[in-house]
Amino acid sequence: MSESVQPIPPFASSPDVLPPRSLADPSVREWIKHITFFLLTFVTTTFAGIAIAAPAVDPPEPVASGLLGYVLYVPEYYGRIVGALLSLAVANPTLLKSGLTFSTTLLTILMAHEMGHYLVCRYYGVRATLPFFIPAPPLFLPGTFGAFIKMKSPIPSRRALFDIGLAGPLAGFVALLPIALVGLLNLQAAPPPSGGQVIIFNDPPLFQIIAKLTGAHLADALPNPFYMAAWIGLLVTSLNLMPVGQLDGGHGTFAVFGQRAHKLIGRLAFVTVAVMSVLGFIWHGSPSGFLYTVLLAVMLKVRHPAPEELDPLGRGRIVVAIITLIVFALSFVPFPITIT
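In this text, all values refer to a predicted model and were calculated from it rather than measured experimentally. (Residues numbered from 1 in each chain as written. Predicted model: local features only at pLDDT ≥ 70, side-chain atom pairs only at ≥ 80, totals over all residues. Heavy atoms only, no water.)

Q: How would you sum up the overall build of the protein chain? Please name residues and give values.
A: Within the protein chain one finds eleven helices and six strands. At 22 Å, the protein chain has a C-alpha radius of gyration in line with the 20 Å of a compact globule built from 340 residues. If one aligns the C-alpha atoms of the protein chain with their principal axes, the spans along those axes are about 65 × 45 × 40 Å. Of all 340 residues assigned to the protein chain, the portion counted as buried reaches 45%. Taking all contacts inside the protein chain whose residues are at least 6 apart in sequence as the whole, residues at least 24 apart take part in 80%. Entry remark: accessible area of the protein chain is about 17500 Å², with carbon and sulfur atoms responsible for 70%. For the protein chain, the distance from the average site of its 19 positive side-chain charges to the average site of its 15 negative ones is 8 Å. (Helix = DSSP H or I, 4+ residues; strand = E, 2+ residues; numbered from the N terminus. Rg over C-alpha atoms; globule rule 2.2 N^0.38 Å. Buried < 20%, exposed > 50% of the residue type's maximum accessible area, 1.4 Å probe, protein only. Contact = heavy atoms within 4.5 Å. Areas by Shrake-Rupley, 256 points an atom, 1.4 Å probe, with all protein chains shown as cover. Lys, Arg positive; Asp, Glu negative; His and termini not counted. Charge placed at Lys NZ, Arg CZ, Asp CG, Glu CD.)

Q: Lay out helix H6 (residues 205-214) in plain terms, naming residues and giving numbers.
A: Of all the positions in H6, only Leu 206, Phe 207, Ile 210 and Ala 211 are classed as buried. Taken down its axis, H6 places every buried residue within 135° of arc, on the same side. In H6, the exposed positions that point more than 90 degrees away from the buried face belong to Lys 212 and Leu 213. Considering only its buried residues, H6 is in contact with helix H5 (158-185), helix H7 (225-240) and helix H11 (315-331). (Arc of directions from axis to C-beta.)

Q: With reference to specific residues and values, describe the side chain of Ser 331.
A: Here Ser 331 is to be found in helix H11. Looking at Ser 331, its side chain comes within polar contact range of the main-chain oxygen of Val 327, at 2.8 Å. Every residue in contact with Ser 331, bar those within four places of it in the chain, is listed here: Phe 173, Pro 204, Leu 234, Thr 237 and Ser 238. (Polar contact = N/O pair within 3.5 Å; in protein donor to acceptor, adjacent residues only side chain to side chain.)

Q: Kindly report on the nonpolar core, identifying the contributing residues and their values.
A: Of all hydrophobic cores here, the largest spans 53 residues; its most connected members are Leu 184, Phe 207, Tyr 227 and Trp 231. Those elements that provide at least two residues to this core are helix H4 (93-124), H5, H6, H7, helix H8 (248-257) and H11. Sorting elements by how many residues they give to this core places H5 first, with eleven residues. Setting aside residues up to four positions removed in sequence, Leu 184 forms contacts with Phe 207, Ile 210, Ala 211, Ala 216, Leu 218 and Tyr 227. Met 242, Leu 247, Met 276 and Leu 296 belong to the second-largest nonpolar core, a separate cluster that totals ten residues. (Core = buried A, V, L, I, M, F, W, Y, C linked by side-chain atoms within 4.5 Å.)

Now the structure itself:
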């Protein structure tokens, strides 16, 4: 996802010269830290997959008495819901299988994205951390707040900035293509709604194209783990390709158009997303767009460092920039969720 840069002198005078091995390679302590966060995220995304596949649970509400009882009411009820879902998963191995399938496929997409950044950083001699995976509390839909790497040395050139920024979303998009195909080919008809609120995951253009080519039926379909992992992967891809701040799209915009255009385009993107978040709430009953607005507002405040050399990108990278725009168009949904 987004990467930050600290003003540390570069380890290499040429893009092809890697930093000393002792400085470039993660330490044992760093490996342990990153693996621990990855395993925690694997657990939370597995639980998210179980929650997506499980029927609705309605445990008895706690009895609130006194001030402390009211304070503890929400966490206690939350814990009862989590416990009920875990009990269902233990009693029904199919639910556990769905959770593991969702977790494995989603983390494959996120890992491909972050390793795209990391490996290109290594190629250009840019010092960077291993991917950080961020677990999310149970019942949070994806089970994760995403992943990121942190660059710790300046970016040596305009070409390096372009390559590092766009390698992640392109690698993640390639990884999710077969997952999306499997998900759409295994869609099943959803049962009629039984009352209450219904969450509809609106299909991105890529899904609509695959459905037309394969004959898959998207209307009134029940999302499966592959579908949901690819759907979230496309949402992450489109969000990261927003031309704002130090998001991946911001890196690409800075490399192609320069600092001034990067700032203007970023502000325009922010205003557009802010307007869509209001319309999404009015038309689709979904407040999720406000989260994107807050994120982009934060990213606008983060200064984007300039690369050390402003070398020309060349025709090949311009072609890659056009391909990236197509990937964004295939991934982007103005209103991802409808709540009815």
